[in-house]
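# Remarks on the overall topology
Listed below are the residues making up each chain.
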Amino acid sequence: DVEAARNAYDVAVKSGHRDIAPDAAVGLGLLLEREGDAEGARVAYVQALASPHPKHAPAAALALGVLLAKEGDPRGAIEAYHKAVASRHPDIAPKAAFNLGSLKEEQGDVEGACIAYEEAIASGDADAAPKAAFYLGVLLERRGDLQGAALRYEQAFNSGHPRMAGKAKARLVKVVGQRLAGEP
């Protein structure tokens, strides 16, 4: 029952408990977002983000970034992703760095995208690092840096990531072929 869950989250958020309240605010935000209440979700995420909690505040920043990106507010999303990345939370920061790279790429900020993808790669996260390596490879290939692209595709391939490894292998074969043929 959605209404019962919403009420339970509200009670937990209003408790002000240093651990429970920010966790409940994130949960409430996710629930409201699923229910189509983007503004209510945003308010809940901002409330959790205001807490000093080392896990729930970064989780709120990541969720807020995703919401704002979907809602057409790239500046707000970038700000939220930066907060999540800055948290250095081992599970959340890499995902935020990847999302930040994707959004910056969408916005035409290639340098910013490269920096964010590099940060996701450096995290070693099993999901974000291979995805970032693949997409950084694509960016480098577009810029004509076939050697750099090959390196990133090789990283993504070697990760064994279920979705990225196969895609990276195909791109790696193409790029190596181009390099051997001396093509740009």
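In this text the structure is predicted, and so the values were computed from the model without any measurement.

## A short note on the side chain of Lys-131
Mapped onto the secondary structure, Lys-131 falls in helix H8 (residues 128-142). A polar contact of 3.2 Å, which involves the side chain of Lys-131, links it to the side chain of Asp-127. With residues near it in sequence (within four places) discarded, Lys-131 still touches Phe-98, His-161, Arg-163 and Met-164.

## Points about the packing of aromatic side chains
Scanning all chains against the criterion turns up 4 aromatic pairs. An angle of 90 degrees between the planes, with centres 5.2 Å apart, marks the rings of Phe-134 and Tyr-135 as edge-to-face. Its relative accessible area of 27% is what places Tyr-135 among the partly exposed residues. Put simply, the rings of Phe-98, Tyr-117, Phe-134, Tyr-135 and Tyr-153 touch in pairs and so form one group of aromatic residues.

## Observations concerning the environment of Ala-80
Looking at where Ala-80 falls in the secondary structure, it is placed in helix H5 (residues 74-86). Note on Ala-80: relative accessible area 3%, which makes it buried. Distance in space between the C-alpha atoms of Ala-80 and Ala-69 is 9.9 Å, their sequence separation being 11 residues. Setting aside anything within four residues of it in sequence, one finds Ala-80 in contact with Ala-61, Leu-64 and Gly-65.

## Overview of the packing of helix H2 (residues 20-34) against helix H3 (residues 38-49)
Relative orientation of the contacting elements H2 and H3 amounts to 165 degrees, with a least axis distance of 8 Å. With respect to each other, H2 and H3 are oriented roughly antiparallel. Taken as a pair, H2 and H3 cross one another with a handedness that is left-handed. Here H2 contributes Pro-22, Ala-25, Val-26, Leu-28, Gly-29, Leu-30, Leu-32 and Glu-33 to the contact with H3, which in turn contributes Gly-40, Ala-41, Ala-44, Tyr-45 and Ala-48. Residues of the contact of H2 with H3, tallied by class, amount to 10 nonpolar, 2 polar and 1 charged.

## Topic: the nonpolar core
Formed by 48 residues in total, the largest nonpolar core has its most connected members in Tyr-81, Tyr-117, Phe-134 and Tyr-153. Considering each element in turn, this core owes the most residues, 8 residues, to H8. For Phe-134, the residues in contact, after removing those within four places along its chain, are Arg-152, Tyr-153, Ala-156, Met-164, Lys-167, Ala-168 and Arg-171. Grouped together as the second largest cluster of nonpolar side chains are 7 residues, Ala-12, Val-26, Ala-48 and Ala-60 included.

## Regarding H2
Between the first and last C-alpha of H2 there are 21 Å, a value that for 15 residues agrees with the 21 Å anticipated at 1.5 Å per step. With 11 of 15 residues buried, H2 lies mostly within the body of the structure. Within H2, the full set of buried residues consists of Ala-21, Pro-22, Ala-24, Ala-25, Val-26, Gly-27, Leu-28, Gly-29, Leu-31, Leu-32 and Glu-33. Buried-residue contacts for H2 involve helix H1 (2-14), H3 and helix H4 (56-70). Looking one or two residues past H2, Gly-36 carries a phi angle of roughly 90 degrees, positive in sign.

## Digging into the pattern of salt bridges
In this structure the tally under the stated criterion is 12 salt bridges. Among the salt bridges present, the one from Arg-143 reaches Glu-111, with a minimum N-O distance of 2.4 Å. A residue pair is termed long-range when its members are at least 10 positions apart, and Arg-143 in the loop between H8 and helix H9 (146-158) and Glu-111 in helix H7 (residues 110-123) qualify at 32 residues. For Glu-111, a relative accessible area of 45% corresponds to the partly exposed category. The shortest N-O distance in the salt bridge between Glu-118 and Arg-152 comes to 2.6 Å. Highlighted residues: Glu-118 in helix H7 and Arg-152 in helix H9, separated in sequence by 34 residues. Using a relative accessible area of 34% as the deciding quantity, one classes Glu-118 as partly exposed. You can call Arg-152 buried: its relative accessible area is 11%. When salt bridges that share partners are traced, they join Glu-141, Arg-171 and Lys-174 into one network.

Quick notes on the rules
- Residues numbered from 1 in each chain as written.
- Predicted model: local features only at pLDDT ≥ 70, side-chain atom pairs only at ≥ 80, totals over all residues.
- Heavy atoms only, no water.
- Helix = DSSP H or I, 4+ residues; strand = E, 2+ residues; numbered from the N terminus.
- Polar contact = N/O pair within 3.5 Å; in protein donor to acceptor, adjacent residues only side chain to side chain.
- Contact = heavy atoms within 4.5 Å.
- Phe/Tyr/Trp six-rings, centres within 6.5 Å; stacked < 30°, edge-to-face > 60°.
- Buried < 20%, exposed > 50% of the residue type's maximum accessible area, 1.4 Å probe, protein only.
- Axes fitted to C-alpha atoms, helices over the stretch in contact; angles between N-to-C directions.
- Parallel < 35°, antiparallel > 145°, perpendicular 65-115°, else oblique.
- Left-handed = near helix turned anticlockwise from the far one by under 90°.
- Nonpolar A, V, L, I, M, F, W, Y, C, P; charged D, E, K, R; others polar.
- Core = buried A, V, L, I, M, F, W, Y, C linked by side-chain atoms within 4.5 Å.
- Expected span 1.5 Å × (residues − 1).
- Salt bridge = Lys/Arg side-chain N within 4 Å of Asp/Glu carboxyl O.

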